[in-house]
Amino acid sequence: MGTILIAGTVVLVLLGFGNHVWWLAAAGVLFLYLQYGRDASSSTSGGGGASGSTPATYQAYRKRRDQQAKWERRYRRERPLQSRRQDRAK
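Given the structure is predicted, the values throughout are model-derived calculations rather than measurements.

### Here we look at the overall build of the protein
- Within the protein, the secondary structure is distributed over four helices and zero strands.
- Element order for the protein, N to C, with α for helix and β for strand: α-α-α-α.
- A buried classification covers 6% of the 90 residues belonging to the protein.
- When the accessible surface of the protein is split by element, carbon and sulfur atoms take 61% of a total near 7,700 Å².

### A few points about the packing of helix 3 (residues 58-78) against helix 4 (residues 80-89)
- Two elements in contact, helix 3 and helix 4, have axes separated by 5 Å at closest approach and are oriented at 110°. Between helix 3 and helix 4, the angle is such that the two are roughly perpendicular. The residues of helix 4 that touch helix 3, namely those facing Tyr75, Arg76, Arg77 and Glu78, are Pro80, Gln82, Ser83, Gln86 and Asp87.
- Looking at side-chain class alone, the contact of helix 3 with helix 4 contains two nonpolar, three polar and four charged residues.

### Some thoughts on the pattern of salt bridges
- In total, this model carries four salt bridges according to the counting rule given.
- A salt bridge links aspartate 87 to arginine 76; its shortest N-O distance comes to 3.0 Å. With a gap of 11 residues between them, aspartate 87 in helix 4 and arginine 76 in helix 3 connect regions that are remote in the sequence.
- Salt-bridge contacts for glutamate 78 lead to arginine 79; the nearest nitrogen and oxygen are separated by 3.7 Å.
- The network of salt bridges with shared partners includes Arg74, Glu78 and Arg79.

### A short note on the confidence of the model for the protein
- Counting all residues, the mean pLDDT for the protein is 80, and 82% of those residues have values of 70 or more.
- Here helix 2 (residues 21-43) is the element of the protein with the lowest mean pLDDT, 76, and helix 3 is the one with the highest, 93.
- A low-confidence stretch, residues 43-48 stays under pLDDT 50, and its non-local contacts, those more than four residues away or across chains, total two contacts.

### What about a nonpolar patch on the surface?
- On the surface, a cluster of nonpolar side chains totalling about 650 Å² of accessible area is made up of Ile6, Val10, Val13, Leu14, Phe17, Trp23 and Leu30.
- Among the elements that line the nonpolar patch, the one with the most residues is helix 1 (residues 2-15), at four residues.
- Inspection of the secondary structure puts valine 13 in helix 1.
- By relative accessible area, valine 13 is classed as partly exposed at 34%.

### Concerning the packing of aromatic side chains
- Tallied over the full model, the rule gives two aromatic pairs.
- Between phenylalanine 17 and tryptophan 23, the ring centres sit 5.6 Å apart and the planes meet at 85°, which makes this aromatic pair edge-to-face.
- Residue tryptophan 23 is classed as partly exposed on the basis of its relative accessible area, which comes to 35%.
- With a centroid separation of 5.8 Å and 35° between ring planes, the pair formed by tyrosine 58 and tyrosine 61 is classed as tilted. One end of the pair is tyrosine 58 and the other is tyrosine 61, both in helix 3 and three residues apart, which spans about a single turn.
- For tyrosine 58, a relative accessible area of 52% puts it in the exposed group.

What counts and what doesn't
Residues numbered from 1 in each chain as written. Predicted model: local features only at pLDDT ≥ 70, side-chain atom pairs only at ≥ 80, totals over all residues. Heavy atoms only, no water. Helix = DSSP H or I, 4+ residues; strand = E, 2+ residues; numbered from the N terminus. Buried < 20%, exposed > 50% of the residue type's maximum accessible area, 1.4 Å probe, protein only. Areas by Shrake-Rupley, 256 points an atom, 1.4 Å probe, with all protein chains shown as cover. Axes fitted to C-alpha atoms, helices over the stretch in contact; angles between N-to-C directions. Parallel < 35°, antiparallel > 145°, perpendicular 65-115°, else oblique. Contact = heavy atoms within 4.5 Å. Nonpolar A, V, L, I, M, F, W, Y, C, P; charged D, E, K, R; others polar. Salt bridge = Lys/Arg side-chain N within 4 Å of Asp/Glu carboxyl O. pLDDT = per-residue confidence, 0-100. Patch = residues over 30% accessible without salt bridge, like charges linked within 9 Å, V, L, I, M, F, W, Y side chains within 5 Å. Phe/Tyr/Trp six-rings, centres within 6.5 Å; stacked < 30°, edge-to-face > 60°.

See below:
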């Protein structure tokens, strides 16, 4: 997401050589990204919502692991045909 915003900002700056309003738009985009975009992405890593994030403590790791095992058991109980098919594919 940051790459797209930076590329868009560069385009707005290049357009700004003909019309200075585009420079203001580029500054506004950068301000909004720095104000809201980076804060929102950094706050989601601590919640445990992302599967690729590393828990901060062992207790958080255990809680996440137990929750994942609970979900997998529920999936196998509610969808036995799909879970057997996945086991055969492995």
